[in-house]
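# Observations on the model geometry
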Amino acid sequence: MNNSPIGVFDSGLGGLTCVKQLLQLAPQEDIVYLGDTGRVPYGTRSTDTIIKYAMQDIEFLLSRGVKILIAACGTVSSTLPHSISDALPVPYLGVVESTAAAAVKATKTGRIGVIGTPATIKSGSYLRAIDILLPSAVLVKNPCPLFVPLVESGYVQRDNPVTRMVAEEYLAPIKAAGVDTLIMGCTHYPIIKDIISDVMGPEVTLIDPGKEAAAAGMALLKKLDMEALRDCSGARNYFVSDGIENFHQNAELFLGSLAGGSVDQIAID
Ligand code: DGL
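Note that the structure is a prediction, hence the values are computed from the model and not measured. (Residues numbered from 1 in each chain as written. Predicted model: local features only at pLDDT ≥ 70, side-chain atom pairs only at ≥ 80, totals over all residues. Heavy atoms only, no water.)

## Considering the sheet that holds strand β1 (residues 6-10)
Strand-to-strand pairing in sheets goes through backbone hydrogen bonds, with the strands running parallel or antiparallel. Note the threshold: By definition, two strands form a pair when at least two bridges between them are found by DSSP. Helix numbers and strand numbers start at the N terminus; a helix is a DSSP run of H or I with at least 4 residues, a strand a run of E with at least 2. Throughout, a contact is declared for two residues whenever any of their heavy atoms are within 4.5 Å. Only the stretch in contact is used when fitting a helix axis, every axis being a line fitted to C-alpha atoms; angles between N-to-C directions are given from 0 to 180 degrees.
Pairing is parallel in the open sheet, where 6 strands are placed in the order β4-β3-β1-β2-β9-β10. The sheet terminates laterally at β4 (92-93) and β10 (262-265), the two strands that pair on one side only. Sheet analysis places β1 next to strand β2 (residues 31-35), joined by 5 bridges and oriented parallel. Directly across from V8, in β2, lies its bridge partner Y33. Of the strands in this sheet, β9 (236-240) and β10 touch helix α12 (residues 244-255), which is tilted by about 140° from β10.

Below, the structure is given as structure tokens:
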């Protein structure tokens, strides 16, 4: 048993898709969330910059005494080398392994699509993870660099013509390849899953990385006997590196009725 908080971070607010799932799975857990909203997006940056930013995020969460770190960010998960994450003082997990496993479980044809930030797609992280689990799988990938700024700007309504047009453009080659499963390889994308689903069609199963990482994180805590043992509801402390107004505007969008807790701005570098 361990009552220290779960640390979750992302370049922005997309990681709240993971927090939402954690709140549903384990309302008794304290959560500290960091969204590096002052420097989002990460996915168009160099490997060195992504690692530097991720380490600053991790150091901040460690300073808050977290018992586990969840990189609720496809870009960081695909970029941070194991040599760094394995050496951290608390257990660390990203989104790639659990999301790849969910996609392999869901596919019937073995044809799987992956969308993500340019850094995630370039890293080949999903290709490697799926190859281990299902070597016969055919992976069709495409980076979607405009999705993150569209989501952070609140262009998320199902009938938003701008986001729909961008989605049609990005998803066309994946749809044409006839996949039956699509990994939304960035934690921002589930926020526009209705639009993605409308474009891909109802027969394509969408895999949500935040949801899978939350379940994997809780399974790991259970395995390590590090779950909180409290009946009351846990505290939620959200931190952002830019103004808190944007968080307040979008929190309900990301967290729905589970929104609540403190929100503070910090200087991350
Ligand atoms: N949510 C992040 C991810 O999963 C967004 C990355 C970015 O900032 O570009 O990749």
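Continuing now.
## Concerning the packing of helix α9 (residues 161-176) against helix α10 (residues 193-200)
Counted only if it meets this: Angles are sorted into four bins: roughly parallel if under 35 degrees, roughly antiparallel if over 145, roughly perpendicular if 65 to 115, and oblique for all others. Should the near helix be turned anticlockwise from the far one by less than a right angle, the crossing is left-handed, and should it be turned clockwise, the crossing is right-handed. Residues were grouped as follows: Ala, Val, Leu, Ile, Met, Phe, Trp, Tyr, Cys and Pro as nonpolar; Asp, Glu, Lys and Arg as charged; and all remaining residues, including Gly, as polar.
At a minimum axis separation of 9 Å, α9 and α10 run at an interaxial angle of 50°. On the basis of their axis angle, the class for α9 and α10 is oblique. Considering only the axes of α9 and α10, their crossing is right-handed. Judged by residue contacts, T163, R164, A167, E168, L171, I174 and K175 of α9 engage I195, I196, D198, V199 and M200 from α10. Taken together, the residues of the contact of α9 with α10 sort by class into 7 nonpolar, 1 polar and 4 charged.

## What about the environment of M1?
Looking at the element boundaries, M1 is found in the segment before β1. The spatial distance from the C-alpha of M1 to the C-alpha of P81 is 29 Å, given a sequence separation of 80 residues. Each residue touching M1, except ones within four places of it in the same chain, is listed here: D225, M226, E227 and L229.

## Regarding the packing of aromatic side chains
Keep this limit in mind: Aromatic rings from Phe, Tyr and Trp, taking only the six-membered ring of Trp, are treated as a pair when their centres fall within 6.5 Å; an angle between ring planes under 30 degrees marks them as stacked, one over 60 as edge-to-face, and anything in between as tilted. Summary of the burial criterion: residues with accessible area below 20% of their type's maximum are buried, those above 50% are exposed, and those between are partly exposed, where the area comes from a 1.4 Å probe applied to protein chains only. For a ring to carry a charge above it, either NZ of a lysine or CZ of an arginine must fall within 6 Å of the ring centroid while also lying within 35 degrees of the normal to the ring plane.
Inspection of the entire model under this criterion finds 6 aromatic pairs. Relative to F247, the ring of Y238 lies with its centre 5.1 Å away and its plane at 40°, an arrangement referred to as tilted. Residue Y238 shares its accessibility class with F247, and that shared class is buried. Members of the aromatic cluster, each reached through a chain of ring pairs, are Y33, Y238 and F247. A cation over a ring is seen here: R39 above Y53, with NZ or CZ 3.7 Å from the ring centre.

## Brief notes about helix α2 (residues 47-63)
Given 3.6 residues per helical turn, the α-helix brings residues three or four places apart onto the same face. Stated precisely, the cut-off is as follows: How far a helix is expected to stretch is found by multiplying one less than its residue total by 1.5 Å.
In a regular helix each residue adds 1.5 Å, so 17 residues correspond to 24 Å; α2 covers 24 Å between its end C-alpha atoms and thus fits that length. Turning to α2, its buried residues are I50, I51, Y53, A54, Q56, D57, I58, F60 and L61. At the C-terminal side of α2, G65 shows a positive phi close to 75°.

## Some remarks on the side chain of T187
Quick note on the threshold: We define a polar contact as two N or O atoms separated by no more than 3.5 Å, with the added condition that, inside protein, one atom must be a possible hydrogen donor and the other a possible acceptor, whereas residues neighbouring each other in sequence contribute only through side-chain atom pairs.
Within the fold, T187 resides in the loop between β7 (181-184) and α10. Its relative accessible area of 0% is what places T187 among the buried residues. Polar side-chain contacts of T187 include one of 2.7 Å to the backbone oxygen of A72. Each residue touching T187, except ones within four places of it in the same chain, is listed here: D10, G14, G15, T17, A72, C73, V95, P209 and G210.

## What to know about the pairing of strand β5 (residues 111-116)
Across a regular strand the side chains alternate sides, sitting on one face of the sheet and then on the other. Of all 6 residues that make up β5, 5 are buried, and the element is covered over most of its length. Where β5 lies against β7, 4 bridges are found, and the strand directions are parallel. In the sheet register, I112 faces β7, and the bridge partner there is T181.

## Quick look at the site of the ligand
Where we set the bar: One heavy atom within 4 Å of a molecule or strand is enough for the residue carrying it to be called near that molecule or strand. All accessibility values rest on the Shrake-Rupley procedure with a 1.4 Å probe; residue burial counts only the protein chains present in the view.
Surrounding the ligand, one finds 14 residues, the nearest of these being S11, Y42, G74, T75 and H188. Measuring from an oxygen atom of the ligand, one finds a backbone N or O atom of Y42 at 2.7 Å. For the ligand, a nitrogen atom lies 2.8 Å from a polar atom in the side chain of T187. Summarising the interface, the protein chains cover 99% of the accessible area of the ligand, which totals 290 Å² for the free molecule. Taken together, the residues that form the shell around the ligand break down as 6 nonpolar, 7 polar and 1 charged.

## Looking at unusual backbone geometry
At the junction of V40 and P41, the peptide bond is cis and its omega measures out at 5° in the coordinates. Positionally, P41 belongs in the loop between β2 and α2. Residue D225 is not a glycine yet carries a positive backbone phi of 55°. Positionally, D225 belongs in the loop between α11 (209-223) and β9.

## A word on the nonpolar core
Our working rule: Residue types Ala, Val, Leu, Ile, Met, Phe, Trp, Tyr and Cys, when buried and joined through side-chain atoms within 4.5 Å, form a set referred to as a nonpolar core.
Membership of the largest hydrophobic core comes to 68 residues, with the highest contact counts inside it found for V8, F147 and I196. Aside from chain neighbours lying at most four places away, what touches I196 is I115, F147, L171, L182, M184, Y189 and L206. By size, the runner-up hydrophobic cluster in this structure holds 24 residues, among which are A54, F60, V66 and V90.

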